[in-house]
Amino acid sequence: MKIFIVPEVYPYLMPASLSLRAFSVLSACAIVVAGALYAPVPPPGDRYQAWMRLAAGFLLALGSLTLSRAIGGTFLRQGGNGAFKALYWAGLASAGAGLSEALSAFYSMDVPLTIVLCTIAYSASGLVLLRFKKWGK
Amino acid sequence: MDTIYYIIASAVCAGIFLLVYRSLRAPFFIFLLAAVSAIACASAAQSYTSDPGAGALFDILLALGGAGLAAASLTLTYSFRLAGDSLD
């Protein structure tokens, strides 16, 4: 019966809590804004390089969003723990770096800064994962 | 001076994920290690020089990082599906 499918589908439709999702999206926006504010790198002169940047940024953003969606649908499905919440957050934050890389095809952006912020987010989530392995929390 | 900080941040990030893979040992984490290492290498390559060739390498490494993240997520979804915990 269809009603028995609902409890299966319901957590999938709400992969992570609203506050976690809001914090992650805000982090991604903050990374894009940081890239737009400080020491802008001029957009590329030729069209080929602009397309390369656009494609690379789009692929990075897509991969990051896919990662967050997969973590939300698997590890965080029944609530999850802090380690995978941190990985979910880092995944969505790196989508901001991908977005700024794609935007750098048209506008002046400090992409290296956004990538470093993304690596810092991944490092933080990696440390939480190591703590999870050690203490199981 | 920023270059040194960028390279240190990249090396620390790749090192942390190597430790994560060594302690958790799942296929998902090796894809994640590859993706994060590619992103970290991109960061180091871009900060080291402003040469256009380095810019192209940066784009390619970022694209590889994105592909690695997508591969990690597919592995994760597939392994949960194999374990009988299907998403749909």
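If you're wondering where the values come from, they're calculated on a predicted model, not measured in any experiment.

### Remarks on the overall build of chain B
Right, so step 1: Counting secondary structure elements, chain B contains three helices and zero strands.
Right, so step 2: Ordered by position in the sequence, the α and β elements of chain B form the string α-α-α.
Right, so step 3: When the 88 residues of chain B are sorted by exposure, 47% land in the buried category.
Right, so step 4: Of all intrachain contacts in chain B linking residues separated by at least 6 positions in sequence, the fraction that spans at least 24 positions is 51%.

### Here's the deal with the overall build of chain A
Right, so step 1: Looking only at helices and strands, chain A has five helices and zero strands in total.
Right, so step 2: For chain A, buried positions account for 47% of its 137 residues.
Right, so step 3: Restricting to contacts in chain A with at least 6 residues of sequence separation, those with at least 24 account for 81%.
Right, so step 4: Carbon and sulfur atoms make up 73% of the accessible area of chain A, which totals about 7,100 Å².

### Examining the nonpolar core
Right, so step 1: One finds Ile71, Phe84 and Tyr122 of chain A together with Phe28 and Leu32 of chain B to be the most contacted residues of the largest nonpolar core, which totals 46 residues.
Right, so step 2: If near-sequence neighbours (up to four positions away) are discounted, Phe28 of chain B is found in contact with Leu67, Ile71, Phe75 and Leu87 of chain A together with Ala72, Thr75 and Leu76 of chain B.
Right, so step 3: Residues Ala34, Leu113 and Val116 of chain A together with Tyr6 of chain B belong to the second largest nonpolar core, which totals five residues.

### Structural notes on the confidence of the model for chain A
Right, so step 1: Predicted confidence across chain A gives a mean pLDDT of 83, with 84% of residues reaching 70 or more.
Right, so step 2: Low pLDDT (under 50) marks residues 1–14 of chain A, which in the prediction has five contacts with non-local residues, meaning those over four places away or in another chain.

### So, the interface of chain B and chain A
Right, so step 1: Counting residues at the interface gives 37 residues for chain B, matched by 37 residues for chain A.
Right, so step 2: Together chain B and chain A conceal approximately 3,100 Å² of surface at their shared face, both sides included; 79% is due to carbon and sulfur atoms.
Right, so step 3: Counting across the interface, chain B meets chain A through zero residue pairs in polar contact (both at pLDDT 80 or more).
Right, so step 4: The set of elements that each furnish at least two residues to the side of chain B that touches chain A consists of helix 1 (2–24), helix 2 (27–48) and helix 3 (52–82) of chain B.
Right, so step 5: For the side of chain B that touches chain A, the per-class residue count stands at 27 nonpolar, eight polar and two charged.

### Structural notes on the packing of helix 2 (residues 18–37) of chain A against helix 4 (residues 82–103) of chain A
Residue and element names in this part refer to chain A.
Right, so step 1: Between helix 2 and helix 4, whose axes approach to 8 Å, the crossing angle comes to 30 degrees. Between helix 2 and helix 4, the interaxial angle falls into the category roughly parallel. Helix 4 is crossed by helix 2, and the crossing has right-handed handedness. Taking contact as the criterion, the partners of Leu20, Arg21, Phe23, Ser24, Val25, Ser27, Ala28, Ile31 and Val32 in helix 2 are, on helix 4, Lys85, Tyr88, Trp89, Leu92, Ala93, Gly96, Ala97, Leu99, Ser100 and Leu103.
Right, so step 2: When grouped by side-chain class, the residues that make up the contact of helix 2 with helix 4 number 13 nonpolar, four polar and two charged.

### Looking at the side chain of Ser104 of chain A
Residues and elements named next belong to chain A.
Right, so step 1: Among the structural elements, Ser104 can be located in the loop between helix 4 and helix 5 (111–135).
Right, so step 2: Under the relative-accessibility criterion, Ser104 is labelled buried at 1%.
Right, so step 3: For Ser104, the side chain forms a polar contact with the main-chain oxygen of Glu101, separated by 2.6 Å.
Right, so step 4: Filtering out sequence-adjacent residues up to four positions away, Ser104 remains in contact with Pro43, Pro44, Arg53, Met109 and Val111.

### A look at a nonpolar patch on the surface
Right, so step 1: A cluster of nonpolar side chains, namely Val33, Leu37 and Tyr38 of chain A, defines an oily patch on the protein surface of about 330 Å² accessible area.
Right, so step 2: Structurally, the position occupied by Val33 of chain A is in helix 2.

### Structural notes on unusual backbone geometry
All names here are of chain B.
Right, so step 1: At Arg25, a residue that is not glycine, the phi angle is positive and equals roughly 45 degrees.
Right, so step 2: Here Arg25 shows up in the loop between helix 1 and helix 2.
Right, so step 3: A relative accessible area of 54% means that Arg25 is categorised as exposed.

Cut-offs and rules
- Residues numbered from 1 in each chain as written.
- Chains lettered and ligands numbered in written order.
- Predicted model: local features only at pLDDT ≥ 70, side-chain atom pairs only at ≥ 80, totals over all residues.
- Heavy atoms only, no water.
- Helix = DSSP H or I, 4+ residues; strand = E, 2+ residues; numbered from the N terminus.
- Buried < 20%, exposed > 50% of the residue type's maximum accessible area, 1.4 Å probe, protein only.
- Contact = heavy atoms within 4.5 Å.
- Areas by Shrake-Rupley, 256 points an atom, 1.4 Å probe, with all protein chains shown as cover.
- Core = buried A, V, L, I, M, F, W, Y, C linked by side-chain atoms within 4.5 Å.
- pLDDT = per-residue confidence, 0-100.
- Buried area = accessible area lost by both parts, 1.4 Å probe.
- Polar contact = N/O pair within 3.5 Å; in protein donor to acceptor, adjacent residues only side chain to side chain.
- Nonpolar A, V, L, I, M, F, W, Y, C, P; charged D, E, K, R; others polar.
- Axes fitted to C-alpha atoms, helices over the stretch in contact; angles between N-to-C directions.
- Parallel < 35°, antiparallel > 145°, perpendicular 65-115°, else oblique.
- Left-handed = near helix turned anticlockwise from the far one by under 90°.
- Patch = residues over 30% accessible without salt bridge, like charges linked within 9 Å, V, L, I, M, F, W, Y side chains within 5 Å.
- Salt bridge = Lys/Arg side-chain N within 4 Å of Asp/Glu carboxyl O.

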